[in-house]
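# Structural description and commentary
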Amino acid sequence: MGQESVLALLLQQSGQYLSGETMSQQLGVSRTAIWKSIAQLKEQGYEIDSVKNKGYALLKSPDRLDKVVISQGFAQSPIGGEILCLPTIDSTNNEVKRLAMAGAKSGLVVTAEEQTQGKGRRGRQFHSPPDTGLYMSVLLRPQCTVETLTPLTAWVAVAVAEGIAACASVDVGIKWTNDLLLGGKKLSGILTELALETQTNFVEYVVIGIGINVNHQKCQFPLDLQDISTSLYEETGEKLCRNRLCRSIISALNRMISSFPQGKEDYLEKYRQRCLTLGQDVFVLRGGQKQEAKALEIDDEFRLLVSYPQGTQEFLSSGDVSVRGKFGYI
Ligand code: BTN
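Attention here is on the structure that accompanies the text. (Residues numbered from 1 in each chain as written. Predicted model: local features only at pLDDT ≥ 70, side-chain atom pairs only at ≥ 80, totals over all residues. Heavy atoms only, no water.)

Moving on: the packing of aromatic side chains. Under the defined criterion, the tally for this structure stands at four aromatic pairs. Note on Phe126 and Tyr135: the rings are 6.4 Å apart at their centroids and 75° apart in plane angle, and the pair reads as edge-to-face. A relative accessible area of 0% means that Tyr135 is categorised as buried. The interplanar angle of 75° and the centroid separation of 4.8 Å between the aromatic rings of Trp155 and Phe260 together place this pair among those described as edge-to-face. A residue pair is termed long-range when its members are at least 10 positions apart, and Trp155 in helix H6 (residues 152–168) and Phe260 in the loop between helix H8 (242–259) and helix H9 (264–274) qualify at 105 residues. By the burial criterion, Trp155 is buried, and Phe260 matches it. The residue whose ring lies beneath Lys54 is Tyr17, and the NZ or CZ to ring-centre distance is 4.3 Å. (Phe/Tyr/Trp six-rings, centres within 6.5 Å; stacked < 30°, edge-to-face > 60°. Buried < 20%, exposed > 50% of the residue type's maximum accessible area, 1.4 Å probe, protein only. Helix = DSSP H or I, 4+ residues; strand = E, 2+ residues; numbered from the N terminus. Lys NZ or Arg CZ within 6 Å of the ring centre and 35° of its normal.)

Below, the structure is given as structure tokens:
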């Protein structure tokens, strides 16, 4: 805990110097304890400058997801008051489910440097190599029925797109329902899972899993994904601090959850603006069947209206079907 508190104080200084004396007073520990914590932080890769009569300044943090760095300012927020950053795990969604069943509180965030069994929708894998991506899951315990939560994943897509855009200055699109795209390729996926109370239709907990390709190089994707997946690094040419991105996503999720469900018009409008599926020729995939269709509009329940070549129309819900572009990933 000692070094975490020292790190938190240095982070609050935003690169300005803070004396060892002030830190020891604020934390109620000796100057020697502060000095030891600084030495431990340096060993872990934090670049900390020390200047006589001025104190210590944090110049650079290591490229590793860090709960002290990420959690700054979220103590009272619905999401991010408690954060767990793991080196490796099967799936952050699985870990959050295990913690939820053990009684974890709403708002918990779990991140991992690597997932050995990262999960996508419909039993697919989510490629999660070490130290390059952002793999995070959020636990929510909303007091509502499952019907209220039907559009949640679409809201999350808007929030994650906004979180990425705020941090990396890119214009992220949405492929219905909740793949995020950049440069026509998949940048991020969202997997929402929930547990229901037996007998009632009430939700016990929800897990929102978000995977973002951040600093991957093209060669780090498996061959079959190289033409359809991309990363922020591939699109911008710049490496991004994953702690900063994670904070930006949590801020956007907090804004979203504070407006859910009363801010529906706003999120619907934002969703429609970002939705790149609209106007596209697509294949509707359902239970092994593939139908050609044209994507027309998003209705007020975030369903996709499509028209079929024979002239009929259908509102698609994300639980029943998925959609692939006829001429590309979109
Ligand atoms: C998809 O593309 O179909 C959804 C991908 C969701 C991936 C994220 S990564 C964090 C969380 N843990 C998982 O195992 N999956 C989600």
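Before going further, it helps to examine the sheet that holds strand E12 (residues 304–307). Here five strands make up an open sheet; going across it, the order is E13-E12-E11-E10-E14 and the pairing antiparallel. Two strands bound the open sheet, and with one partner strand each, they are strand E13 (313–316) and strand E14 (322–325). On average, each strand axis in the sheet is inclined to that of its neighbour by 45°, with strand direction left out of account. Sheet topology note: the strand E11 (residues 289–298)/E12 ladder contains four bridges and is antiparallel. Its bridge partner being in E12, Ala295 is matched across the sheet by Val306. (Pairing = 2+ DSSP bridges. Axes fitted to C-alpha atoms, helices over the stretch in contact; angles between N-to-C directions.)

This part covers the site of the ligand. Around the ligand sit 19 residues in total, of which Ser91, Gln115, Lys119, Arg121 and Lys186 are the nearest. The separation between an oxygen atom of the ligand and a polar main-chain atom of Lys119 is 2.7 Å. In this structure, Arg121 approaches the ligand through a main-chain N or O atom, which is 2.7 Å from an oxygen atom. For the ligand, whose free accessible area comes to 420 Å², the fraction covered by protein is 99%. Mapped onto the shell around the ligand, the elements with two or more residues apiece are helix H5 (92–101), strand E5 (134–140), strand E8 (185–196) and strand E9 (203–212). A class-by-class count of the residues in the shell around the ligand yields five nonpolar, ten polar and four charged. (Near = heavy atom within 4 Å. Polar contact = N/O pair within 3.5 Å; in protein donor to acceptor, adjacent residues only side chain to side chain. Areas by Shrake-Rupley, 256 points an atom, 1.4 Å probe, with all protein chains shown as cover. Nonpolar A, V, L, I, M, F, W, Y, C, P; charged D, E, K, R; others polar.)

Another aspect to go through is the nonpolar core. Counting 64 residues, the largest nonpolar core has Ile164, Ile212, Leu232, Leu245, Ile249 and Tyr271 as the members making the most contacts within it. Counting residues per element, this core draws most heavily on H6, which supplies twelve residues. The contacts of Leu245, once residues within four sequence positions are left out, are Leu134, Gly163, Ile164, Cys167, Ile212, Val214, Leu232 and Leu240. Core analysis: the next-biggest nonpolar cluster, separate from the first, contains 17 residues, Leu7, Leu11, Ile34 and Leu58 among them. (Core = buried A, V, L, I, M, F, W, Y, C linked by side-chain atoms within 4.5 Å. Contact = heavy atoms within 4.5 Å.)

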